[in-house]
Every structure is written in C-alpha cells, then in structure tokens.
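Structural overview for review
For reference, the chains in residue letters:
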Number of protein chains: 2
Amino acid sequence: MSSLLGIFLFLYLFLLLSSISAKNREYKWKVEYMHWCPDGVDGVVISINGQFPGPTIRAIVGDTIFVHLTNNLPTEGLVIHWHGISQIGTPWADGAALISQCPINPGETFLYKFKVDKAGTYFYHGHYGMQRSAGLYGSLIVEDEKEAFHYDEEFNLLLSDWWNKSSHDQQIDLSSKPFRWIGEPQSLLMNGRGQFNCSLAAQFSKFPIHQCKLRGDEQYAPQIFNVHPNKTYRLRVASTTALASLNLAIEGHKMMVVEADGNYIQPFFVENMDIYSGESYSILFKTDQDPSNNYWISISVRGREPKTPQGLTILNYIPNFASKIPNSPPPLAPLWNDYNYSKSFSNKIFGLMGLSPKPPTRQNRRILLLNTQNRIEGYTRWSINNISLVFPTTPYLGSIKHGINNAFDTKSPPNTFSKNYNIMKPPPNPNSTYGNRVYMLKFNTTIDIILQNANALGENVSEIHPWHLHGHNFWVLGYGDGKFDHKKDVEKFNLKNPPLRNTVVIFPYGWTAIRFVANNPGVWAFHCHIEPHLHLGMGVVFAEGVHLVKNVPNEALNCGLTRKMFVKDKH
Amino acid sequence: MSSLLGIFLFLYLFLLLSSISAKNREYKWKVEYMHWCPDGVDGVVISINGQFPGPTIRAIVGDTIFVHLTNNLPTEGLVIHWHGISQIGTPWADGAALISQCPINPGETFLYKFKVDKAGTYFYHGHYGMQRSAGLYGSLIVEDEKEAFHYDEEFNLLLSDWWNKSSHDQQIDLSSKPFRWIGEPQSLLMNGRGQFNCSLAAQFSKFPIHQCKLRGDEQYAPQIFNVHPNKTYRLRVASTTALASLNLAIEGHKMMVVEADGNYIQPFFVENMDIYSGESYSILFKTDQDPSNNYWISISVRGREPKTPQGLTILNYIPNFASKIPNSPPPLAPLWNDYNYSKSFSNKIFGLMGLSPKPPTRQNRRILLLNTQNRIEGYTRWSINNISLVFPTTPYLGSIKHGINNAFDTKSPPNTFSKNYNIMKPPPNPNSTYGNRVYMLKFNTTIDIILQNANALGENVSEIHPWHLHGHNFWVLGYGDGKFDHKKDVEKFNLKNPPLRNTVVIFPYGWTAIRFVANNPGVWAFHCHIEPHLHLGMGVVFAEGVHLVKNVPNEALNCGLTRKMFVKDKH
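Quick caveat, the model's predicted, so the values are computed rather than measured.

Looking only at helices and strands, one finds eight helices and 34 strands in chain A. For chain A, the C-alpha radius of gyration of 23 Å lies close to 25 Å, the compact-globule estimate for 571 residues. The C-alpha extent of chain A, read off along each of the three principal axes, is 70 × 60 × 55 Å. Across the 571 residues of chain A, 65% fall into the buried class. Counted over contacts in chain A with a minimum sequence separation of 6, partners at least 24 positions apart contribute 79%. Of the accessible surface of chain A, which amounts to about 21000 Å², a share of 52% is contributed by carbon and sulfur atoms. Side chains of chain A give 52 positive and 45 negative charges; the mean places of these two sets differ by 6 Å.

So this is what it looks like as structure tokens:
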C-alpha cells in the first residue's frame with residue numbers, strides 16, 4: 001500500500017497541467033416533496049427530479065455548473081448551498097438563504113451558475129429553514145483530469161441521519177416554548193439508505209431485532225459496494241448529517257486518508273475515522289482481505305450517547321453473493337465519549353507539503369467566538385459571544401452592496417468575550433439576545449478565528465460543534481483543551497503544514513484556531529453545521545470586499561429592502 | 001318567538017340610517033406555528049398573536065380595517081383571505097395567494113386595508129397551500145349600529161374540523177402518486193375546541209369512551225355558552241371546515257335563521273340546520289326550556305359517512321353549574337346521506353323582501369361548470385370543464401392589470417361542457433389537464449353560473465361541494481337534480497326572492513344556478529371551499545374591470561413577472 005504514496009507524489013506534475021478545456025454542465029432540477037422510505041419506515045423527503053438523495057453532479061476542475069432550480073414545494077422558499085465551492089466571483093450563487101440570496105419562491109426557477117475551481121469531494125444541500133434535514137442533499141464530485149494518486153475505481157458515500165418526524169415538525173419543536181428537543185436520529189443513512197425495523201447484522205446483535213429480508217430493490221436496501229480482490233479503491237465520503245457525528249470503518253481494511261474537504265492532506269492510515277457534519281474525505285483502501293468473505297462498512301454515532309443503530313452496508317468481494325453476510329460482527333466503534341480518540345484523529349491531519357498552500361505567517365485580526373447555549377425570553381438558543389443569530393429579511397449581500405443600512409443591525413458584533421467567563425460552568429446569566437450583526441473583514445487581510453467551546457445550559461455538558469465556513473478554505477492551526485490562552489496557545493500554532501478545510505470541529509470544553517484570508521468578495525456564513533444548532537442561532541456572518549462584487553442577478557435580491565429598492569412605481 | 005319577526009321588520013328603517021361615523025380599526029398580527037391541543041391531542045396550529053383560533057375582529061359597518069400581518073412562519077409564504085368581504089376598490093386586499101397578491105415572505109409584514117361595507121357574520125382564513133387546515137382562521141363580525149332584529153345577547157361560533165396529521169403532511173399526501181387520501185377528520189371543533197380521547201356525553205354513548213374530566217382551562221375544554229332563561233340570543237355561526245359538511249342543533253331549542261353569509265334572509269324556523277364550509281348564518285333562539293337543565297349544542301358530519309364524533313358543548317342555563325350534563329343524549333343528526341333533508345333546508349332560504357336586493361331579470365352570459373374528479377399523469381385531481389386549476393407564479397391581478405400575457409394561459413376557458421357528458425357515470429376518459437386560464441367577464445354584465453355535479457372517479461360516488469365566490473354576493477336561483485336543462489330548469493329559476501350568498505352547495509348528481517353582476521373591478525376566485533378539493537384543482541378564476549383597479553400596493557405584486565416588471569437594473 002505504501003506504493004500508493006509514491007504514485008501520489010509522482011503525479012504531482014499532472015496537477016499543475018490540468019488546465020484542460022473547461023466544460024459547461026447544465027442541469028434542470030425540480031424540487032418537491034415525495035413519499036419515500038429511507039429506512040424502511042414510510043416518510044417524506046425533499047426530492048430532486050424524483051430522486052433521493054438528489055442527483056450526483058460530476059464535473060472536471062474548471063467546469064462551469066449551471067443548475068436551473070425550480071421550486072415545486074407548495075408554499076416554501078428554497079435555496080441550495082454548494083458546500084465547499086468557493087464561489088469566487090459568484091458570491092450570489094452560494095445558496096445561503098438571506099445571506100447570499102432571497103429564497104426562491106414556489107413555482108419559480110433560479111439559475112445557479114458557478115465554477116468548480118478545485119478538485120475534491122463536495123456536496124450540496126438546502127440552506128433555508130431545516131430543509132437539509134428533510135433530505136435536500138446530494139453529492140458534487142469535482143475530478144482532476146489527472147488525479148494526484150492512483151486507484152482502480154471509486155465509490156461515493158454520502159452520509160446522513162434520519163428522523164421519522166418531519167423536519168417541518170422538528171423545526172416547530174425546536175422553536176417551541178418550552179423547548180422540545182428532536183431527540184437522536186432514528187437511523188443513519190448511507191447514500192440515503194438505512195434500516196430501522198431490521199438489521200443486516202441481526203445475527204450478531206445483542207438486542208432482538210429481525211434480520212432484514214431484502215430483495216435489493218427496496219428504497220431502503222443498502223447500496224452494496226462491489227469490489228474485485230487486490231485492487232485499490234477510492235472512497236469519497238461526505239457527511240451531511242443534521243446532528244450525528246460519525247465514525248466510519250471498513251471491516252478488516254486499513255484506510256489511507258488522502259483528501260479532506262477538497263484539499264490534499266498528508267496521507268495517513270487509520271482503522272476507522274471520525275467524520276463530522278459538513279466534512280468530506282477521500283480514503284484509499286486495498287481489497288487485500290480473504291476474497292471468499294464479504295465485509296462490513298459501518299457508521300456509528302460519536303460524541304452523543306448513541307441511541308441510533310449503526311448504519312451498515314456490505315463490501316462485496318466479487319464473485320461472492322452480495323447477500324453473503326460477513327463472518328464477523330460489524331466493527332465496534334470507539335466509545336462515544338472517548339474524545340481523546342477523536343482528537344487523536346483530528347491531530348493526524350496535516351497539509352500535504354508542496355500541494356497544500358501554506359498560511360500567511362501573521363494575522364491582521366483575531367476574533368474569538370464563544371459558543372454558548374442560552375435562553376431568550378424562555379426559548380432555548382445557541383449564541384456566539386452572547387448573540388443568537390437570526391436572519392434579516394433582506395440578504396446581506398444585497399443590503400451591504402447597496403448600502404441599505406436599515407436591513408440589519410450595523411453595529412460591530414463583539415470581537416471577543418469576557419476574559420473572566422468560566423467555560424467549565426453553565427452560563428451564570430443564561431440570557432442572551434437575538435442579533436443579525438456582521439463581522440466586516442477588511443479585504444485581503446488575514447483573519448484568525450478562535451472558536452471557544454464552553455459548558456451548555458446543563459451542568460457537565462459540552463457538545464461537539466463542527467463549524468463550516470462558506471466561500472473559503474481555512475487553515476486549522478490547532479486544537480486545545482480549556483480556555484484559549486493568547487500567549488501559550490498561539491505559540492503552539494502549526495504554521496508549517498496545517499491542513500486546509502472548510503469545516504472543523506470544536507471539542508467539548510476546548511478551542512480550535514483557524515486562519516483564512518478574506519480575499520473572496522461576498523458575504524459568508526460561518527456556522528455550526530448541526531442543523532438544529534444553526535436553526536437556534538449558532539452562527540456568524542462575515543463580509544469582505546462587497547464593493548467588488550459584480551453581476552448579481554436581480555433574481556437573487558428580489559425580497560426585503562433590496563426588492564423595494566429595485567421597484568419603480570408603475571401605477 | 002313570532003314577535004321576533006315583527007321587531008325584525010320594524011327595525012328596517014334603522015338600517016337605512018346606519019351611516020354613522022366610520023372608524024379605523026388597526027391590528028398588528030404575528031403569525032407563527034405553535035404547539036396546541038385543539039382536541040386533547042398534542043398538535044401544531046398556525047396561531048395569530050399566540051391565539052388559536054385567531055383574534056375575533058368586531059367592527060361596525062363602514063369601518064376600515066387595517067391588519068399589519070407579519071409572517072413569522074419559518075420558510076412559508078402567507079396570506080389571509082377576508083371571507084365574505086367584497087373588497088370594493090381594494091381587490092388586492094382579498095388575500096387569495098397568486099390571484100390577488102403575492103404570498104407574504106417570512107419575516108415580512110403586509111398591510112391589509114379594506115372597508116367592511118355590509119353588516120354580517122364573516123370570518124377570515126389562510127388562502128395559500130393548505131394553511132387554513134392548519135388552523136389559520138378566525139371570526140370577523142360586522143355589526144350594524146342598529147341591528148334589524150332584536151336579541152338580548154349574542155354568541156359567536158366558528159366551526160372547523162381537525163386532523164392529527166399536520167396540514168403540511170396532508171398536502172404532501174394529496175399530491176402523491178399514488179394518491180393518499182387524508183381520511184375523515186379526527187374531531188370537530190367549536191371555536192377551536194373539541195374532544196378526541198373523551199366525550200362530554202360518554203354516559204349516552206353506545207361505544208365505550210371516557211367521560212371528559214375537565215377543569216375548564218384546558219385548551220380543548222369546550223367553550224360553554226351561558227344563558228339566562230327567557231331571553232333571545234343570536235348565534236353567529238360560520239364554518240371554516242377543511243372537509244366536513246355539518247349539521248348544527250341546540251337541543252330542545254327551535255332556531256330562527258335570519259342571516260346567511262352577511263345577507264338578510266326571510267326568517268324560518270328549524271330544529272337543526274346544515275352548514276357547509278364557507279357558509280355563515282345568524283340564528284335567533286329563545287331560552288324557553290326548563291331552566292333547571294342544561295342543553296347540548298352539537299355539530300355532526302353530513303354528506304360523508306361519519307367517522308368523526310359529534311362536536312359538543314353546553315348551553316348552560318344560569319345559575320346551573322356548567323358541569324351539569326344535560327338529561328338527554330345529544331341531538332341525533334339526520335342520516336349522513338339523507339340529501340333530501342339537506343336540500344329541503346337549502347330550499348327554505350329566500351331573500352328578505354325589501355331588505356335583500358333583487359337580481360337583474362336577465363343574464364348576459366351563462367357559464368356551465370362541470371365538476372369532475374380526474375387523473376393527470378397518475379395524480380388524482382378535480383377539474384372544472386376538464387381543466388384542473390394550478391396557480392401561476394404571478395398574481396392574476398398584476399399580470400392582467402399590467403398586460404403581461406405570458407403569466408398564464410390567456411386562452412378562454414371552456415364556457416360549457418359536452419352535451420353528451422353522462423354525469424351519472426365516472427368520466428369515460430378520466431384524464432384532464434392542468435390549467436390556469438381566466439374567465440374574462442365583461443364589466444357590469446350579469447353572469448349566470450350553472451354548477452353541474454357529476455359522478456367522481458368511483459362508481460356511484462358524487463360528493464357535495466360548497467362553492468365560494470370572492471368579491472361578490474350572488475343570488476341562488478335554484479337547485480336541481482341530474483343534468484341542467486337549459487329550457488325547463490331556467491323557467492324554474494327563482495327571480496322573485498332568491499337569497500344572496502357568497503357560498504352555495506351543489507348536491508350529488510345535481511346542479512345549482514347562481515347569478516351575479518360583474519361590477520367589482522378585480523380578479524376573483526370561485527372555488528370549492530373544501531380545502532383538499534381546491535388544492536387538487538377545483539376552482540376557476542374570474543376577472544372583471546381590471547383596468548379600473550387603482551392603487552395596488554407594490555408589495556402585493558412583488559413576485560413572478562410583475563416583480564420583474566418593477567425592477568430597474570441597479571447594477
């Protein structure tokens with residue numbers, strides 16, 4: 001398997017030559033609700049062209065994607081966010097409702113047009129209300145003409161979690177007073193497929209559960225991964241879970257992790273790997289096990305007491321029957337609260353020297369973001385520096401570009417939090433406030449963000465939050481336990497080979513430091529990728545170089561105050 | 001009780017003098033989802049200012065109503081229709097989504113401003129998607145300074161039906177292939193209150209059910225009607241059911257029906273009365289029964305095999321305890337399919353000579369509308385003259401006023417249906433087509449509409465449909481069985497004292513003839529008031545004198561092609 005690494009470096013040159021003739025790729029998508037059975041229980045999903053998950057987009061670096069998105073939901077607005085795509089020059093196509101555009105009205109069609117300028121494993125998903133939880137997601141794969149590493153074939157694995165309760169009802173529950181928690185997911189899905197009332201591995205289960213009896217054409221039948229012995233496979237894996245942090249394993253197969261969020265990383269081997277909502281990876285594995293057996297591919301819940309069965313499918317060594325159950329029980333996941341295990345995985349990820357750009361050595365501005373759980377007027381919320389994000393009715397991109405200053409609170413949001421704040425205890429005063437302020441970043445400056453975790457409302461509770469930044473990749477400079485120390489911790493920043501990412505986790509009671517250059521004109525969300533947390537206010541908004549933004553289609557801004565601005569009275 | 005009738009006529013003069021100083025009445029409403037328990041089962045309603053049903057508006061004839069409506073639903077548009085209000089001069093305030101206005105976006109506020117120019121019992125409700133089914137409704141009472149009849153006190157009774165399944169899920173079910181019917185309502189509500197898991201009348205029930213044990217402050221505790229003996233009460237009753245046709249009775253009390261849909265009718269006495277969705281009535285009754293007892297007020301399902309328990313509350317003779325259960329079982333409703341009984345009630349309704357204007361004696365145009373159940377591409381739909389209504393994305397009021405001719409299909413919809421159509425059989429070719437054409441009515445002409453019922457998709461099934469016309473009252477010229485006959489049936493039209501209404505029923509396999517004058521500039525929906533039927537296409541659209549419409553606020557037309565028209569490029 002070490003030869004893989006050789007090939008990897010060897011193909012470096014091809015990367016530099018990959019300015020092949022770019023293509024326009026055009027899609028017509030209709031979005032609507034559809035009855036579907038993702039885990040064997042009748043439910044409803046948001047579908048695209050009758051598919052769940054939505055169609056996979058496959059493109060080549062440099063291509064331009066055109067998606068004509070028609071909203072066929074009966075009364076709801078709609079947007080789609082292209083997770084991991086930088087949207088350089090097209091910030092209005094980022095698909096973050098009320099940040100980069102107005103929701104698309106029912107019956108209307110909006111054209112997303114953007115360039116995919118970097119190879120990698122990406123995905124797309126709804127970014128309005130909790131439509132992602134309703135199943136509005138799919139894969140977006142950007143290939144290099146010549147990939148930097150060798151493999152024989154590739155698979156795509158999009159991970160998600162599923163509730164029987166509609167996301168519409170979940171949203172109402174979360175916004176209720178008193179708060180109603182949505183609970184743990186009913187099932188975990190691999191490419192939109194899971195099993196709730198039965199198990200593929202019933203014979204190994206400690207709890208009584210039926211063995212799934214599947215023909216294979218059921219909506220919830222697992223997608224089998226067919227492999228030939230002694231080949232190298234690339235598994236592209238991305239997580240768009242609403243809540244669950246996951247651990248992925250391929251029974252008996254070592255995995256070499258080579259890509260994170262569309263960025264090359266220094267390859268490393270693991271037996272299993274954590275993946276948080278918003279993240280994507282590529283791993284290479286060799287089919288070097290006994291070819292007379294099949295093997296489990298499993299995902300298990302991390303970071304929350306697992307009440308959701310493992311998600312399972314089969315790595316099927318051809319010519320075995322796909323129905324041949326592996327000899328052993330599915331891989332045991334690490335203990336859900338073994339955070340040292342998780343940290344150890346995160347700390348193995350480094351930028352690939354030579355292929356991964358290095359960060360600027362100095363920052364121009366450091367912003368500390370304290371993550372707390374709070375109450376506002378009896379509602380349960382999440383807050384950043386004591387402000388719980390609510391979106392304005394006018395997209396920031398429009399109001400900032402056009403200088404409309406009553407569209408949101410134009411005061412600067414706090415750059416930090418109180419030095420005396422005890423992150424190990426519940427907030428002494430749990431009340432925070434709603435807000436929609438924007439961090440105005442000076443164009444082309446280097447920004448450090450310190451994400452500081454803290455105790456939630458309950459004693460001895462601090463949760464994992466995977467933070468996702470729109471419009472950028474950032475360097476992960478380091479993780480730490482406890483409260484961030486401006487002196488000691490900064491000295492330990494990894495400026496040599498930090499990985500580039502678009503999503504990074506903060507561990508319970510810990511901090512995470514990232515660095516990025518504010519060089520992409522637009523307005524960009526930075527938020528916890530857990531859908532209920534974002535819905536409850538866990539995010540901030542960055543704006544940079546908005547005066548440089550050109551060619552925003554009117555359709556993107558036809559709501560709120562930008563709409564009023566456009567209107568000339570015709571009566 | 002006959003003295004009531006005397007007083008009624010005696011006060012005629014006061015009516016003519018009721019041009020008292022008009023008032024502006026201003027309301028600020030916030031609409032949001034809310035957990036609520038309308039029938040004892042935890043559910044979700046659309047609330048206004050935290051209330052379900054929404055607040056009652058009480059106004060005096062001539063007042064102007066201002067409702068600042070803020071949409072706090074998370075992702076859905078919103079409108080409110082003011083059912084029964086003619087909206088003369090304010091057709092944009094009719095609150096029919098995509099007919100008179102664009103849906104109000106989440107977070108935005110729209111100002112409804114309209115005059116209430118006629119006393120009567122009205123109500124308001126959502127008119128987008130199936131938001132009415134979700135509980136978005138309330139009462140709108142317009143008083144005369146001097147009422148035309150005497151009573152000591154009045155009560156208000158808004159009737160509705162309730163499902164445990166969210167209207168959101170219902171809507172998806174109805175739009176599914178294969179079709180999923182929503183089933184009969186779980187319970188009937190009186191002023192938003194019903195009982196599902198218990199009965200107020202358990203002791204009389206043939207089926208085992210618990211007696212409700214209520215303190216009275218529960219969300220689903222019935223609203224008790226407290227009366228003094230030997231007084232005259234006015235009961236204002238309106239039905240905003242999603243599906244159910246109802247029969248109302250007050251045990252042991254004769255009811256004198258005096259008002260229908262805000263129009264005076266020739267008073268008549270009944271023991272119980274049918275009321276269809278979209279209708280309203282005022283009845284007078286005397287508390288002339290044994291004052292040591294309390295009495296049932298009941299509503300029961302008509303026209304569909306009743307699978308829903310009676311809705312019940314108590315007429316409480318003071319000083320009895322409200323908890324005193326009546327001595328007798330609740331009133332027995334007429335057999336659900338005793339349509340002769342229903343027809344007999346409808347045929348008792350006449351305009352009140354002198355107070356109710358007479359119809360023009362001749363029509364200028366007669367339109368026949370065949371009501372059929374159909375299939376389109378495997379979906380189950382309702383159609384009118386073989387077209388199943390789908391709304392355009394630009395409100396008709398805007399596209400017609402501004403001469404935008406690509407906003408909808410501008411071909412004339414069919415004025416009639418095939419003479420050979422056999423209404424007694426399922427459609428020989430069940431396929432119909434989607435459409436959004438408009439009946440363009442010449443301004444100030446007199447229009448006759450013949451609503452022709454027919455057999456649905458299943459053999460021997462023909463359903464009741466209560467049709468509601470926006471922007472107008474119409475005269476009900478007659479009802480008949482079978483297929484409308486242009487010669488014989490026209491001769492039997494009642495041109496002497498037909499009642500004015502805004503809603504009228506067609507009976508199974510029958511026809512109903514109405515007449516109205518197209519004298520209200522605007523675009524007006526005419527549709528079956530059964531929410532799932534309208535959702536499945538059972539309606540048509542009339543336009544008249546649209547060139548005369550003035551002062552449409554831009555906010556009403558800020559979507560679709562009218563929005564594009566307003567936009568001047570600012571980039």
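Once you've had a look at it, read on.
Here we take up the side chain of Ser-239 of chain B. All names here are of chain B. In this fold, Ser-239 is placed in strand 14 (residues 232-239). At 3.3 Å, the side chain of Ser-239 and the side chain of Thr-241 are in polar contact. In this view, Ser-239 contacts Phe-123, Leu-159, Leu-246, Ile-275, Tyr-276, Ser-277, Gly-278 and Glu-279; residues no more than four positions away in its chain are not counted.

On to the sheet that holds strand 9 (residues 153-162) of chain B. All names here are of chain B. Pairing is mixed across the open sheet formed by six strands, whose spatial order is 10-9-14-19-16-17. Each edge of the open sheet is held by one strand with a lone partner, namely strand 10 (187-190) and strand 17 (263-270). Taken over all neighbouring pairs, the strand axes of this sheet differ in orientation by 25 degrees on average, direction set aside. The pairing of strand 9 with strand 10 spans four bridges and is classified as antiparallel. The residue bridging Leu-159 from the neighbouring strand is Met-190, located in strand 10.

As a further point, take the interface of chain A and chain B. At the junction of the two partners, chain A supplies 41 residues and chain B supplies 41 residues. For the pair chain A and chain B, the interface holds four salt bridges. Two residues, Arg-563 of chain B and Glu-108 of chain A, come together in a salt bridge whose shortest N-O distance is 2.8 Å. At the junction of chain A with chain B, the criterion picks out 18 residue pairs in polar contact (both at pLDDT 80 or more). Its residues placed into classes, the side of chain A that touches chain B shows twelve nonpolar, 16 polar and 13 charged.

Our next topic: helix 4 (residues 339-346) of chain B. Those residues of helix 4 of chain B that sit buried are Tyr-339, Ser-342, Lys-343, Phe-345 and Ser-346 of chain B. Projected down its long axis, helix 4 of chain B carries its buried residues within an arc of 155 degrees, all on one side.

All names here are of chain A. In this structure, Asn-519 sits in the loop between strand 32 (510-517) and strand 33 (522-528). Sequence separation between Asn-519 and Tyr-317 is 202 residues; the distance between their C-alpha atoms is 47 Å. The contact partners of Asn-519, leaving out residues within four places of it in the chain, are Phe-443, Asn-444, His-472 and Glu-544.

Time to look at the sheet that holds strand 21 (residues 311-317) of chain A. All names here are of chain A. On the basis of which strands lie adjacent, the open sheet formed by five strands has the order 13-21-20-15-18 and mixed pairing. A single partner strand is all that each edge strand has here, and the edge strands are strand 13 (225-227) and strand 18 (272-275). Taking the axes of each pair of neighbouring strands and ignoring which way they run, one obtains an average angle of 20 degrees across the sheet. Note that strand 15 (residues 245-250) and strand 20 (residues 295-302) share six bridges and pair antiparallel. Residue Ile-250 lies in a different strand from strand 20, and its bridge partner there is Ile-297. Where helix 4 (residues 339-346) meets the sheet, it contacts strand 15, strand 18 and strand 20, and its direction lies at approximately 90 degrees from that of strand 18.

This part takes up the state of the cysteines. Residue and element names in this part refer to chain A. Applying the stated criterion across every chain, the model contains four disulfides over all chains. Here Cys-198 engages in a disulfide with Cys-212; their sulfurs sit 2.0 Å apart. A torsion of 95 degrees about the S-S bond marks the disulfide between Cys-198 and Cys-212 as right-handed. Pair noted here: Cys-198 is in strand 11 (residues 198-199) and Cys-212 is in the loop between strand 12 (210-211) and strand 13, with a separation of 14 residues, a long-range link. On the basis of relative accessible area, Cys-212 is assigned to the buried category, the value being 9%. What connects to what in chain A, once the bonded cysteines are numbered by sequence position, is 1-4, 2-3.

Attention now goes to the domain arrangement of chain A. Residue and element names in this part refer to chain A. Once the domains are mapped, chain A shows domain 1 (2-63 + 116-346) and domain 2 (365-564). Centre-to-centre, using C-alpha coordinates, domain 1 lies 27 Å away from domain 2. Listed by partner, the interface residues are 38 residues for domain 1 and 28 residues for domain 2. Of the roughly 2700 Å² buried where domain 1 meets domain 2, counting both sides, 56% is carbon and sulfur surface.

Between chain A and chain B, which share one sequence, the superposing operator has a rotation angle of 180 degrees and an axial displacement of 0.0 Å; the RMSD is 0.0 Å. Here the symmetry operator amounts to a two-fold rotation axis. Residue Glu-76 of chain A, judged by its C-alpha, is the member of chain A lying nearest the rotation axis, at 2.1 Å. Same-surface contact between copies: 100% of interface residues of chain A are shared with the interface of chain B.

Moving on, we get to the UniProt feature "domain: Plastocyanin-like" (unreviewed entry) in chain A. All names here are of chain A. UniProt annotation of "domain: Plastocyanin-like" (unreviewed entry) refers to residues 31-146, 154-318 and 424-545 when read in the numbering used here. Along residues 31-146 the backbone is 0% helical and 42% strand, and the end-to-end C-alpha distance reaches 34 Å. Between the C-alpha atoms that bound residues 424-545 there is a distance of 38 Å. The span itself is 7% helix and 43% strand.

What follows is about the packing of aromatic side chains. Between two aromatic rings, the relevant description is the distance of the centres plus the angle of the planes. Evaluated as defined, the whole model comprises 60 aromatic pairs over all chains. Measuring from ring centre to ring centre gives 5.2 Å for Tyr-396 of chain A and Phe-408 of chain A, while their planes differ by 70 degrees; the resulting arrangement is edge-to-face. With Tyr-396 of chain A in helix 5 (residues 396-401) and Phe-408 of chain A in the loop between helix 5 and strand 25 (433-435), the pair connects residues that are twelve residues apart, well separated along the chain. According to the relative accessible area criterion, Phe-408 of chain A is buried, its value standing at 9%. Seen in terms of ring centroids, Trp-82 of chain B and Phe-114 of chain B are 5.0 Å apart; in terms of plane orientation they differ by 40 degrees. Their pairing is tilted.

Moving on, we come to the pattern of salt bridges. All names here are of chain A. Inspection of every chain in the model, using the stated rule, returns 46 salt bridges over all chains. The shortest N-O distance in the salt bridge between Arg-25 and Asp-63 comes to 2.5 Å. Here Asp-63 lies in the loop between strand 3 (57-60) and strand 4 (64-71) and Arg-25 lies in strand 1 (residues 24-36), a separation of 38 residues in the sequence. On the accessibility criterion, Arg-25 (17% relative accessible area) is buried. When the shortest N-O distance is used, the salt bridge between Glu-147 and Arg-234 registers 3.3 Å. Of this pair, Glu-147 sits in the loop between strand 8 (137-143) and strand 9 (153-162) while Arg-234 sits in strand 14 (residues 232-239), placing them 87 residues apart in sequence. The two residues Glu-147 and Arg-234 agree in class, both being buried.

Right, let's get into unusual backbone geometry. Residues Phe-52 of chain B and Pro-53 of chain B are joined by a peptide bond in cis, for which omega reads -15 degrees. Its place among the elements puts Pro-53 of chain B in the loop between strand 2 (43-48) and strand 3 (57-60). Look at the link from Lys-177 of chain B to Pro-178 of chain B: it is a cis peptide, with omega at 0 degrees. Examined against the element boundaries, Pro-178 of chain B turns out to sit in the loop between helix 3 (167-174) and strand 10. Of note, the phi angle at Asp-261 of chain A is positive, near 50 degrees, even though the residue is not glycine. Relative to the helices and strands, Asp-261 of chain A resides in the loop between strand 16 (255-260) and strand 17 (263-270).

Okay, the environment of Asn-386 of chain A next. Structurally, Asn-386 of chain A can be placed in the loop between strand 23 (379-384) and strand 24 (387-389). The residues contacting Asn-386 of chain A, other than those within four sequence positions of it, are Asn-374, Asn-431, Ser-432 and Thr-433 of chain A.

This part takes up the nonpolar core. One finds Trp-29, Val-67, Leu-69, Trp-82, Tyr-112, Tyr-396 and Val-523 of chain A to be the most contacted residues of the largest nonpolar core, which totals 60 residues. Residue contributions to this core peak at four residues, all from strand 1 of chain A. Formed jointly, this core draws a minimum of three residues from each of two domains, domain 1 (2-63 + 116-346) and domain 2 (365-564) of chain A. With near-sequence residues (within four places) excluded, Val-67 of chain A lies in contact with Tyr-27, Trp-29, Ile-57, Trp-82, Phe-110, Leu-111 and Tyr-112 of chain A. Listed in part, the 59 residues of the second largest apolar core include Ile-85, Trp-92, Val-116 and Met-565 of chain B.

Quick look at the pairing of strand 17 of chain A now. In the case of a regular strand, side chains alternate between the two sheet surfaces. Residues and elements named next belong to chain A. Counting buried positions along strand 17 yields six of eight residues, so the element is predominantly enclosed. Relative to strand 17, strand 16 runs antiparallel, the two sharing five bridges. Paired with Val-257 across the strands is Phe-268, a residue of strand 17. Hairpin connection, strand 16 to strand 17: the antiparallel pair is bridged by two residues, and Asp-261 has positive phi, about 50 degrees.

Parameters at a glance
Residues numbered from 1 in each chain as written. Chains lettered and ligands numbered in written order. Predicted model: local features only at pLDDT ≥ 70, side-chain atom pairs only at ≥ 80, totals over all residues. Heavy atoms only, no water. Helix = DSSP H or I, 4+ residues; strand = E, 2+ residues; numbered from the N terminus. Rg over C-alpha atoms; globule rule 2.2 N^0.38 Å. Buried < 20%, exposed > 50% of the residue type's maximum accessible area, 1.4 Å probe, protein only. Contact = heavy atoms within 4.5 Å. Areas by Shrake-Rupley, 256 points an atom, 1.4 Å probe, with all protein chains shown as cover. Lys, Arg positive; Asp, Glu negative; His and termini not counted. Charge placed at Lys NZ, Arg CZ, Asp CG, Glu CD. Polar contact = N/O pair within 3.5 Å; in protein donor to acceptor, adjacent residues only side chain to side chain. Pairing = 2+ DSSP bridges. Axes fitted to C-alpha atoms, helices over the stretch in contact; angles between N-to-C directions. Salt bridge = Lys/Arg side-chain N within 4 Å of Asp/Glu carboxyl O. Nonpolar A, V, L, I, M, F, W, Y, C, P; charged D, E, K, R; others polar. Arc of directions from axis to C-beta. Disulfide = S-S within 2.5 Å. Domains from an automatic or database assignment. Buried area = accessible area lost by both parts, 1.4 Å probe. Least-squares fit on C-alpha atoms with pLDDT ≥ 70 in both. UniProt positions renumbered as here; feature names shortened; annotations may be inferred. Phe/Tyr/Trp six-rings, centres within 6.5 Å; stacked < 30°, edge-to-face > 60°. Core = buried A, V, L, I, M, F, W, Y, C linked by side-chain atoms within 4.5 Å.

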